Amino acid sequence: MAKRANTRPAGRVMFTGGSGKAGKHVVQYLVDSGYQVLNIDTKPLDNPNVRTLITDITDSGQVFNALSSYMGLHEFDPSLRPQQVDAVVHFAAIPRIMITPDNEVFRVNALGTYNVVEAATKLGIRKIIVASSETTYGLVFANEPKDPEYLPLDEEYDVNPMDSYALSKIVNEQTARAFATRSGYDIYALRIGNVIEPHEYANFPKFFADPGGRKRIMWSYIDARDLGEMTRLCLEKDGLGYQAFNVGNDDCSSDLPTAELLKRFYPKVKVKHKLGKYECLFSNRKARNLLGFQPQHSWRKYVKA
Ligand SMILES: NC(=O)c1ccc[n+]([C@@H]2O[C@H](COP(=O)([O-])OP(=O)(O)OC[C@H]3O[C@@H](n4cnc5c(N)ncnc54)[C@H](O)[C@@H]3O)[C@@H](O)[C@H]2O)c1
């Protein structure tokens, strides 16, 4: 995989949730980019270059302990002293509603994120990246489909979701912001769109056959490898304080032009600015402008329209 040159030497990253769907790709991307990674998860990750420290993030004691532990691979390494940690990337979560009861989604996500962000800042880890979600815009898991205030969705939007998963992510963004204010460190929240693993492009013809099927997510998608690149860019950018970034592709996961999607599915919604022919309604312009984010994996590379 072609990678852009690092803007500075890669460092040591504590990564929560690296055994999951998105995390395993982002962990590999960071390892390929030269980072040393320790995975913090309740489940092991099958990656010979990354050890998993089995840790429950809802237990603050375990989190403080894990974030201050030795990062190497083997118990007989020449030194087992903990090393300086450069960043925490926090992906561990229950990733939507309807997997566990609502209160458990909220408990694990809100408490887990509090524990990770508090421990990281109190241990002096100066860069923290937390996984938020496009669901914060309140459309994805609303009781019934609803119109947004405007499109495309951008980070200026007044987020006010009704479901417990998106609510947990809003609380997490506020937690991140509070600890950024308290510590003066950089904490960036990634409002991640629908993550697509390389093998999942096989599903796109089904998406195209049902154009309204992805209406609630604004036809957003983000290749897991592009999410890796976005994470790397955040690791290598300093001085932004607290920020939330949408993380989506440039275009929609539909073969229809954006104007046609708007006409068919959101005819009454105000459109904030002129859009490209296939431009996504989940805007990545802030990440492009502030971080130079340029997704490399459009579905058009992998699927015939
Ligand atoms: N997949 C998507 O499309 C998507 C979209 C937007 C946001 N996100 C967010 O991105 C992150 C990763 O999502 P994913 O799809 O990889 O989810 P996933 O469920 O595949 O992975 C989550 C990981 O967190 C771990 N985990 C859960 N509870 C834990 C706990 N108490 N302690 C330690 N580890 C725990 C799980 O074992 C798992 O490995 C999540 O924060 C999710 O909310 C995902």
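Residues numbered from 1 in each chain as written. Predicted model: local features only at pLDDT ≥ 70, side-chain atom pairs only at ≥ 80, totals over all residues. Heavy atoms only, no water.

## Thoughts on the packing of helix α1 (residues 21-32) against helix α6 (residues 224-235)
Here's step 1: At a minimum axis distance of 8 Å, the contact between α1 and α6 shows a crossing angle of 55°. The orientation of α1 with respect to α6, classified from their angle, is oblique. Seen from above, α1 lies across α6 with right-handed handedness. Facing α1, whose interface residues are Ala22, His25, Val26, Tyr29 and Leu30, α6 presents Ala224, Arg225, Leu227, Gly228, Glu229, Thr231, Arg232 and Leu235.
Here's step 2: Across the contact of α1 with α6, the residue classes break down as seven nonpolar, three polar and three charged. (Axes fitted to C-alpha atoms, helices over the stretch in contact; angles between N-to-C directions. Helix = DSSP H or I, 4+ residues; strand = E, 2+ residues; numbered from the N terminus. Parallel < 35°, antiparallel > 145°, perpendicular 65-115°, else oblique. Left-handed = near helix turned anticlockwise from the far one by under 90°. Contact = heavy atoms within 4.5 Å. Nonpolar A, V, L, I, M, F, W, Y, C, P; charged D, E, K, R; others polar.)

## Observations concerning the confidence of the model for the protein chain
Here's step 1: A residue-level look at the protein chain finds 97% of positions with pLDDT of 70 or above and a mean pLDDT of 96.
Here's step 2: Scored below 50 in pLDDT, residues 1-6 makes 14 contacts in the model with residues more than four places away or belonging to other chains. (pLDDT = per-residue confidence, 0-100.)

## Looking at the side chain of glutamate 118
Here's step 1: Topologically, glutamate 118 is positioned in helix α3 (residues 102-122).
Here's step 2: The buried category is assigned to glutamate 118, whose relative accessible area is 12%.
Here's step 3: If sequence neighbours within four positions are ignored, glutamate 118 has contacts with Ser60, Phe64 and Phe179. (Buried < 20%, exposed > 50% of the residue type's maximum accessible area, 1.4 Å probe, protein only.)

## A few points about unusual backbone geometry
Here's step 1: A cis geometry characterises the amide bond from leucine 151 onward to proline 152, with omega recorded as -5°.
Here's step 2: Relative to the helices and strands, proline 152 resides in the loop between β6 (150-151) and α4 (164-183).
Here's step 3: We note that methionine 98 has phi near 75°; this positive angle belongs to a residue other than glycine.
Here's step 4: Looking at the secondary structure, you find methionine 98 in the loop between β4 (87-90) and α3.

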